[in-house]
Amino acid sequence: MNSARADAVVEQRSTSAIPPARRIGDPDSLLWRIVRPVGMAALFLTLWGLAVRWSGSDLFPTPGNVASGIVELIRKGLLLKYIVASVFRVSWGFALAVLIGVPLGLVLGWYSRAFQAFNPFIQILRPISPIAWIPVAILWFGVSDAAPIFLIFLASVFPITVATIAAVQNMQLVYLRAAQNFGLSTGELFRQVILRACLPQIITGIRIALGVAWLVVVAAEMIAVNSGLGYLIIDARNAGKRYDLVVAGMVMIGLIGLILDLLVRQLEKFDEVRWGYIGRRK
Amino acid sequence: MKDATVSIRNLSMRFPGKRAGEEIAVLENVNADVSRGEFVCIVGPSGCGKSTLLNIVGGFLKATSGEVTVEGQPVQHPDPRRIFVFQENGVFPWLNVHENVGFGLRQETPSERQHIIARYIDMVGLGGFETAYPHELSGGMRQRVEIARALAANPDIIYMDEPFGALDFLTRLKMRTDLVRIWQSEKKTILFVTHDIEEAVQVADRVLIMTARPGTIQDVVDVDLPRPRHLDSPGYLEKRDRIFQLMGMSLRVGETAA
């Protein structure tokens, strides 16, 4: 049966590898891949600075003001402290959302009667903005980290649950039948087949949820906490209209959001899930 | 019928139609037997219910009436002693070749597992591809993985639902040759559904011919040709043409030139 390999075409293993840089003029070379986003950012910063100068505004900061604001925060030792505080809260809220959302989604996606019972409930809770929960969060959790963690959890648990439910409901019948054929127990079926078959879509849901969780951090830190990037923004505004620090906080949130997304995207590169993204991305 | 292992008795299947109260008869009073160690093909036109029949025999669907027994026991559920090979993409894309082939091995010790997996990967000619994932393989190779996964579980019977249906002509030819060789060495019972008459005559001991919907077994053709079979031998052509005729198919394509 060695000639079996003759009819077999092994597709290229590494479909997402960056092609080697050839020459400067090549629009796909590594150089251009870096130049494009960096150039765009430089253009944006220039236009921003010019716009502030021409308008003669003395309230809105220039990019230079923001940069010196960031330096000031670093000198005072506040920047790292606030980043750690925000990342800490988002990590907890988000981790709880994954730990509850994924199993809940698997169960509701699999048992249609449970889905009938719970789905309207989820769909009613889902559109309520986490900001609406702020009074409730203060009432329940008071002045503690638990209140923002609760809000971040609320913001991220629904995208994860809904993505997981959809993944299970749209799972290919053939995987299920193959699994049933080999006599798997219900527990094995969930762990070895349903979860694994749905993982690519679950990771996509997790990516969206992490974005939402980070989005909510500002609102969550408006309440009853005295640290974090959200707190920095509110505090800088209230204590002396320091708009350079307000924008510095915004910039840091944006940059960390970018880093978080890049980290989650690394999950998509594992062999166990890469099959789920083939054909969807170059 | 001596030593029947699979018995299909008075099997009928009706699905609910689009309108309320409407029913579509898919299978009508199907009767068939498969002997132990036999290679049986079911052929029929598209939509005749042959896949539905195999899914009922495999325990994935419940018949409206009638019964399927294996070794005298009524079939209620899928069973690891009878493994199904699907038309395409039945292998798990999140497992590599080695893990897929070992999927049905649950009781064995790790060293037994390794031994069995290696044996069947070798048997289907996928040595060297153990760590490859299904999406990195061609369609033919994925079907080889699935056949190896079925064999590794050491079933008594293998059900195959158009397993080579999605493959190109040359690959199908090669897969049939290899499947017959594996069947000869492993001594499994195989029930194989196909719409391809030539495929049936190349591989089977016996061909069951189904009518269009509602499907029923119209004829049975014994393919008592020695193996290896020559695709241009008079015996082969005679069996093939007989089945074409029984299915009401013309062997000519196009109008006669005037």
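Calculation criteria
Residues numbered from 1 in each chain as written. Chains lettered and ligands numbered in written order. Predicted model: local features only at pLDDT ≥ 70, side-chain atom pairs only at ≥ 80, totals over all residues. Helix = DSSP H or I, 4+ residues; strand = E, 2+ residues; numbered from the N terminus. Rg over C-alpha atoms; globule rule 2.2 N^0.38 Å. Buried ≥ 20, exposed ≤ 12 C-beta atoms within 10 Å, placed from the backbone. Contact = placed C-beta atoms within 7 Å. Domains from an automatic or database assignment. Axes fitted to C-alpha atoms, helices over the stretch in contact; angles between N-to-C directions. Parallel < 35°, antiparallel > 145°, perpendicular 65-115°, else oblique. Left-handed = near helix turned anticlockwise from the far one by under 90°. Nonpolar A, V, L, I, M, F, W, Y, C, P; charged D, E, K, R; others polar. Arc of directions from axis to C-beta. Pairing = 2+ DSSP bridges. Expected span 1.5 Å × (residues − 1).

**Q** What exactly am I supposed to notice about the overall build of chain B here?
**A** When helices and strands are tallied, chain B shows 7 helices and 10 strands. Taking 18 Å as the expected radius of gyration for a compact globule of 258 residues, we find that chain B reaches 19 Å, a close match to that expectation. Overall, chain B is about 60 × 50 × 40 Å in size when its C-alpha atoms are taken along their principal axes. When burial is assessed residue by residue, chain B has 45% of its 258 residues classed as buried. When contacts within chain B are restricted to residue pairs at least 6 apart in sequence, long-range pairs at least 24 apart make up 69% of them.

**Q** Mind showing me how you'd approach the domain arrangement of chain A here?
**A** When the parts come together, some accessible area is lost, and that loss is often what is quoted as the size of the interface. Partitioning chain A into structural domains gives domain 1 (26-58) and domain 2 (61-277). Put simply, the middle of domain 1 of chain A and the middle of domain 2 of chain A, counted by C-alpha atoms, are 30 Å apart.

**Q** Help me understand the domain arrangement of chain B in this model?
**A** All names here are of chain B. The domains assigned to chain B are domain 1 (1-81 + 156-165 + 188-224 + 243-249) and domain 2 (87-154). Look at where the C-alpha atoms of domain 1 and domain 2 centre, and you get two points 27 Å apart. Taken residue by residue, the interface counts 7 residues in domain 1 and 5 residues in domain 2.

**Q** For this particular structure, what's the right way to read the packing of helix α5 (residues 134-141) of chain A against helix α6 (residues 146-169) of chain A?
**A** For any two helices packed against each other, the geometry is given by the interaxial angle and the distance between the axes. All names here are of chain A. Interaxial distance between α5 and α6 falls to 9 Å at its minimum, and their mutual angle equals 135 degrees. The pairing of α5 with α6 is recorded here as oblique in orientation. Two packed elements cross with a definite hand, and for α5 against α6 that hand is right-handed. Between α5, through Ile134, Ala137, Ile138 and Phe141, and α6, the contact on the second element is made entirely by Ala146, Ala147, Phe150 and Leu151. Tallied by class, residues from the contact of α5 with α6 come to 8 nonpolar, no polar and no charged.

**Q** Honestly, the interface of chain A and chain B in this entry has me stumped. Any pointers?
**A** At the junction of the two partners, chain A supplies 25 residues and chain B supplies 30 residues. Broken down by secondary-structure element, the contributors of at least two residues to the side of chain A that touches chain B are α7 (173-181), α8 (186-220) and α11 (271-274) of chain A. Here the side of chain A that touches chain B gets 6 residues from one element, more than from any other, and that element is α7 of chain A. Within the side of chain A that touches chain B, the residues separate by chemical class into 13 nonpolar, 4 polar and 8 charged.

**Q** I tried to follow α7 of chain A on my own but got confused; where do I start?
**A** Owing to its 3.6 residues per turn, the α-helix brings residues three or four apart onto one side. When we look at burial in α7 of chain A, the residues that qualify are Tyr175, Ala178, Ala179 and Asn181 of chain A. Buried positions in α7 of chain A, seen along its axis, are confined to an arc of 160 degrees and lie on one side of it. Tucked inside the fold, the buried residues of α7 of chain A contact α8 of chain A together with β6 (82-85) of chain B.

**Q** Just to check I follow, could you spell out the sheet that holds strand β2 (residues 23-35) of chain B for this structure?
**A** Two orientations exist for strands paired in a sheet by backbone hydrogen bonds: parallel and antiparallel. All names here are of chain B. On the basis of which strands lie adjacent, the open sheet formed by 4 strands has the order β2-β1-β4-β5 and antiparallel pairing. Since the sheet does not close on itself, it has two edges, and those belong to β2 and β5 (73-74), each with one partner. Note: strand β1 (residues 4-16) against β2, 9 bridges, orientation antiparallel. The residue of β2 that forms the bridge with Ile8 is Ala32.

**Q** Mind showing me how you'd approach helix α1 (residues 30-55) of chain A here?
**A** All names here are of chain A. Helix length check: α1 (26 residues) gives 38 Å between terminal C-alpha atoms against 38 Å at 1.5 Å per residue, within 8%. Little of α1 is tucked away: 0 of the 26 residues are buried. The first or second residue beyond α1 is Gly56, which carries a positive phi of 70 degrees.

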